[in-house]
Amino acid sequence: MMDYKSAGVDIEAGYRSVELMKEYVARTMRPEVMGGLGGFSGAFSLAKIKEMDEPVLLSGTDGVGTKLKLAFLMDRHDTVGIDCVAMCVNDVACAGGEPLFFLDYIACGKNVPEKIAQIVKGVCDGCEQAGAALIGGETAEMPGFYPVDEYDLAGFAVGAADKKNLITGQDICPGDVLVGIASSGVHSNGFSLVRKVFDVNEENLREYIPELGETLGDALLRPTKIYVRALKSVREAGVRVKGCSHVTGGGFYENIPRMLPDGVRAVVRKDSYEVPAIFGLLQKRGGIDEHMMYNTFNMGIGMVLALDPADADTAVRALEEAGEKAFVIGSITAGEKGVDVC
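Residues numbered from 1 in each chain as written. Predicted model: local features only at pLDDT ≥ 70, side-chain atom pairs only at ≥ 80, totals over all residues. Heavy atoms only, no water.

Some thoughts on the side chain of S233
- Inspection of the secondary structure assignment puts S233 in helix 8 (residues 228–236).
- Residue S233 is classed as buried on the basis of its relative accessible area, which comes to 15%.
- In this structure, S233 is in contact with A318, L319 and A322, ignoring residues within four places of it in sequence. (Helix = DSSP H or I, 4+ residues; strand = E, 2+ residues; numbered from the N terminus. Buried < 20%, exposed > 50% of the residue type's maximum accessible area, 1.4 Å probe, protein only. Contact = heavy atoms within 4.5 Å.)

Section: the packing of helix 5 (residues 191–198) against helix 10 (residues 277–286)
- Two numbers describe how helix 5 lies on helix 10: the axes approach to 9 Å, and their chain directions differ by 60 degrees. Here helix 5 is positioned oblique relative to helix 10, judged by the angle of their axes. Judged by the sense of rotation from one axis to the other, the crossing of helix 5 with helix 10 is left-handed. Counting all contacts with helix 5, which are made through V194, V197 and F198, the residues of helix 10 involved are I278, L281, L282, R285 and G286.
- Broken down by class, the residue content of the contact of helix 5 with helix 10 amounts to 6 nonpolar, 1 polar and 1 charged. (Axes fitted to C-alpha atoms, helices over the stretch in contact; angles between N-to-C directions. Parallel < 35°, antiparallel > 145°, perpendicular 65-115°, else oblique. Left-handed = near helix turned anticlockwise from the far one by under 90°. Nonpolar A, V, L, I, M, F, W, Y, C, P; charged D, E, K, R; others polar.)

Concerning the packing of aromatic side chains
- Taken as a whole and assessed by the stated rule, the structure comprises 6 aromatic pairs.
- Plain terms: the ring middles of F279 and F297 are 6.1 Å apart, the flat faces sit at 55 degrees to each other, and that makes the pair tilted. Taken as a pair, F279 in helix 10 and F297 in the loop between helix 11 (290–294) and strand 12 (301–307) lie far apart in primary sequence, 18 residues in all. Residue F279 shares its accessibility class with F297, and that shared class is buried. (Phe/Tyr/Trp six-rings, centres within 6.5 Å; stacked < 30°, edge-to-face > 60°.)

Some remarks on the nonpolar core
- Within the largest apolar cluster, 98 residues are counted, with the highest numbers of intra-cluster contacts made by F198, L220, F252 and L305.
- The leading source of residues in this core is helix 3 (residues 80–93), at 9 residues.
- Discounting residues that sit within four places of it in the chain, L220 has contacts with K67, L70, V186, F191, V194, F198, L205 and I278.
- Counting residues in each nonpolar core, the second largest holds 9 residues, with F44, I49, L100 and I135 among its members. (Core = buried A, V, L, I, M, F, W, Y, C linked by side-chain atoms within 4.5 Å.)

Structural notes on the sheet that holds strand 6 (residues 151–162)
- Read across the sheet, 4 strands follow the order 3-6-4-5 without closing on themselves; strand pairing throughout is mixed. Each having just a single partner strand, strand 3 (55–63) and strand 5 (133–141) make up the two edges of the open sheet. Taking each pair of neighbouring strands and ignoring which way they run, the sheet shows an average axis angle of 15 degrees.
- Relative to strand 5, strand 4 (residues 98–108) runs parallel, the two sharing 8 bridges. The residue bridging F102 from the neighbouring strand is L134, located in strand 5.
- Together, strand 3, strand 4 and strand 6 form the strand contacts of helix 3, whose direction differs from that of strand 6 by roughly 30 degrees. (Pairing = 2+ DSSP bridges.)

This is the structure in structure tokens:
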């Protein structure tokens, strides 16, 4: 006699996963959340948003990508959820928004409740860092579609901002300065190239690399930095951020121009900060052209702010007081929209 379990889907495992993750989800709650886990949709009160003059909703969606392959090899699943949240909430924050809530989607070959709970723990850790509530999600067991020991993880965030506080980049002008906020490493982009360069496997991920001061696996699996509180600290210091770029896939060359209006060009000085050792190792082992490095990876800078030069010192100080490393990494000049790394 056939049933769902014999087809590879264990409904009881799904129930167990939800029970195991409840304690983590509870940590992310905000006063606006209505109802608990298990409803058909997540409800979030907009009462506070009504206090804004012109409220604007902002959203971001993303996944972790092939960085998950490292989590599989290392059997370490409690940090990739932070990556997933970071990729979404950083996009909301760099538009001037406050992330309000997050939803995740996990698709797996086999639902192992303890593993799913660890993934969701990471998501909750990221939500806590961002001040966002995890108000819903989905775990889909898909035997025959994913291998039994693999999964995919994606999600989306919704945030809000008063229209007057949106960061649009439209009034960036020549003479403005660029402040870079340090990344925590490779973050969650470029891992198809990373995996090819290092030919990653269980053995070499455990290898201690002296120039990194840690194992290769620890360096690569370090979660993406969440910049929500960092950007809030700049705002609370009285600094108006003119433009903001989240440096993700495409590196400097693709992402910095996204915040620029026509007629201005960003100039980034490579010697303005120390590029983390992991990128030097990647470039050396892979024989990768320098331009390609800056066109693929964040190169140690996860967020770039365009500011009035009079605000640069205040912003750097506020970021450092918030626990971040920040540097003046360049400036804005007149010219065709784009970026020069020199």
